[in-house]
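Analysis of the macromolecular model
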Amino acid sequence: RHAGALPKGYAIEFGFADKYTMKDGPSAAVACGLMANAIITGKPLDQAFAATGDMTATGEVRPVGGVGAKIKGASRKNCTIFSVPEANADAVADLYITDGLESVAGIQIVAVGSFDEALAIGTAEKSEEIQAALADYEMVQKAVLKNQGNAGHPKVQEKLRAVLKAIPGHQSARLVALHGQGRGPSTLSLSGSLVAIENGAQKFSKLLGDGNLRSSEGLGDPLRDTVFNLTRIEKNVDPRTKGLLRAYIKVAYFFKDRRQKKYLSDGERGQLEALLANLNTQRDKLRNNKEVQEEFLDE
């Protein structure tokens, strides 16, 4: 990009606030590329903009993990625009399904496939077309956050179409538009389904690991919470993961119904062994499924 035009005798160094913890992973590649470009050109970035994504040497933006958590983090830091890799668009839809419309409507999430696309929305001096589209979405955003029913209003839908024409990767606009049409996504992606299942069963998995599965009823009961969390998402998970989810639910119910028993009968122990064996079988089915493996590689 800047071949032959780089100033000599200078070095660019990136510092992180938490400098005593080892850093790994490629998630900061796009952000660091944008910062380096701003330093070299002297053209500042939008201070309300944040980005995540890996990047190739030719500027292709590649997917990363934990996109949903990063969107939430950007929102907490009062960022108004957030770019994610194009290949992570499903993760934005997953956030809509698990956390509701406000989670994706409250910040302008744009999926990008290249460094140039990230630069176009991340630079402080944007093109008139992009600036107008972002301003249009801000108007929609205020109306929808005030009342989600406004997403279906004809004028709001018209604004959203204009935003998507100028910024085709604008995931917030796409999801708000679909929500207003009653066509919002309802099925989690494969990875989103597995994350939701593991999160739903997190407390229970810890109990299994500790070997202490007795618990009292009431608020914070991990067995009750596991059954509730997993049952709640059953209709939303990828069909290929339902076997694993139901296996978790059956084991959780087994202990929930016997929470106060000090000892299991021989018959109950045999039943538990069968339930745990089925849980492992369902995990192995997913691990050994070639279609699932290929999909994970694509993500």
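Above this text you will find the structure in question.
Notes on the structure in this doc start here. (Residues numbered from 1 in each chain as written. Predicted model: local features only at pLDDT ≥ 70, side-chain atom pairs only at ≥ 80, totals over all residues. Heavy atoms only, no water.)

1. What about the overall build of the protein?
Counting secondary structure elements, the protein contains 14 helices and five strands. A principal-axis box enclosing the C-alpha atoms of the protein has dimensions of 75 × 55 × 35 Å. By the burial criterion, 41% of the 299 residues in the protein qualify as buried. Put simply, 70% of the contacts in the protein that link residues at least 6 apart link residues at least 24 apart. Counting only carbon and sulfur atoms, one obtains 52% of the accessible surface of the protein, whose full area is about 17,100 Å². Distance from the positive charge centre (39 side chains) to the negative charge centre (36 side chains) of the protein: 5 Å. (Helix = DSSP H or I, 4+ residues; strand = E, 2+ residues; numbered from the N terminus. Buried < 20%, exposed > 50% of the residue type's maximum accessible area, 1.4 Å probe, protein only. Contact = heavy atoms within 4.5 Å. Areas by Shrake-Rupley, 256 points an atom, 1.4 Å probe, with all protein chains shown as cover. Lys, Arg positive; Asp, Glu negative; His and termini not counted. Charge placed at Lys NZ, Arg CZ, Asp CG, Glu CD.)

2. Some points on the side chain of Asp94
The topology assignment puts Asp94 in helix H3 (residues 89-99). Lacking a salt bridge, the buried Asp94 has Arg174 as its closest oppositely charged neighbour, with an N-O distance of 9.1 Å. Excluding anything up to four places from it in sequence, Asp94 contacts Leu188, Ser189 and Gly192. (Salt bridge = Lys/Arg side-chain N within 4 Å of Asp/Glu carboxyl O.)

3. Overview of the pattern of salt bridges
Throughout the structure, instances matching the rule amount to 12 salt bridges. Across the pair Arg287 and Asp284 runs a salt bridge whose closest N-O atoms are separated by 3.1 Å. A residue pair is termed a helical-turn pair when its members lie 3 or 4 positions apart in one helix, as Arg287 and Asp284 do in helix H13 (residues 266-288) at three residues. Residues participating in the shared-partner salt-bridge network are Asp238, Arg240 and Glu291.

4. Quick word on unusual backbone geometry
For Asn78, which is not glycine, the phi dihedral falls at a positive 65°. Relative to the helices and strands, Asn78 resides in the loop between helix H2 (67-76) and strand S4 (81-85).

5. Notes on the packing of helix H9 (residues 190-200) against helix H11 (residues 222-233)
Packed helices, taken two at a time, are described by the angle their axes make and the gap between the axes. Interhelical geometry of H9 versus H11 gives an angle of 160° and a closest axis separation of 8 Å. Accordingly, the angle class assigned to the pair H9 and H11 is roughly antiparallel. For the pair H9 and H11, the sense of crossing is right-handed. For the pair formed by H9 and H11, the contact residues are Ala196, Ile197 and Gly200 on the first element and Thr226, Asn229, Leu230 and Ile233 on the second. When the residues that make up the contact of H9 with H11 are grouped by side-chain class, the tally is four nonpolar, three polar and no charged. (Axes fitted to C-alpha atoms, helices over the stretch in contact; angles between N-to-C directions. Parallel < 35°, antiparallel > 145°, perpendicular 65-115°, else oblique. Left-handed = near helix turned anticlockwise from the far one by under 90°. Nonpolar A, V, L, I, M, F, W, Y, C, P; charged D, E, K, R; others polar.)

6. A short note on the packing of H3 against helix H8 (residues 171-180)
Interaxial distance between H3 and H8 falls to 11 Å at its minimum, and their mutual angle equals 45°. Taken as axis vectors, H3 and H8 run oblique relative to one another. Two packed elements cross with a definite hand, and for H3 against H8 that hand is right-handed. Counting all contacts with H3, which are made through Ala89, Val92, Ala93 and Tyr96, the residues of H8 involved are Gln171, Arg174, Leu175 and His179.

7. Things to note about the state of the cysteines
Per the counting criterion, the structure on display carries zero disulfides. The closest cysteine sulfur to the non-disulfide-bonded Cys79 is located on Cys32, 15 Å from its own sulfur. Owing to a relative accessible area of 14%, Cys79 belongs among the buried residues under this scheme. (Disulfide = S-S within 2.5 Å.)

8. Brief notes about helix H12 (residues 242-256)
With 15 residues, H12 ought to run about 21 Å at 1.5 Å a step, and its terminal C-alpha atoms sit 20 Å apart, in line with that. For H12, the complete set of buried residues consists of Leu244, Leu245, Ala247, Tyr248, Ile249, Val251, Ala252, Phe254 and Phe255. (Expected span 1.5 Å × (residues − 1).)

9. Comments concerning the pairing of S4
A large share of S4 lies buried, amounting to five of its five residues. On S4, burial covers both faces: Ile81, Ser83 and Pro85 on one face and Phe82 and Val84 on the other are all buried. Two elements, strand S1 (residues 49-51) and S4, share three bridges in a ladder whose sense is parallel. Paired with Ala50 across the bridge in S4 is Phe82. (Pairing = 2+ DSSP bridges.)

10. A closer look at the sheet that holds strand S5 (residues 108-112)
Pairing in this open sheet of three strands is parallel, and the strands run S1-S4-S5 from one edge to the other. With one partner strand each, in any of the chains shown, S1 and S5 form the two edges of the open sheet. Adjacent strand axes in the sheet meet at a mean angle of 25°, parallel and antiparallel pairs treated alike. Direction of pairing for S4 relative to S5: parallel, over a ladder of five bridges. Each bridged residue has a counterpart across the sheet, and for Ser83 the counterpart in S5 is Val110.

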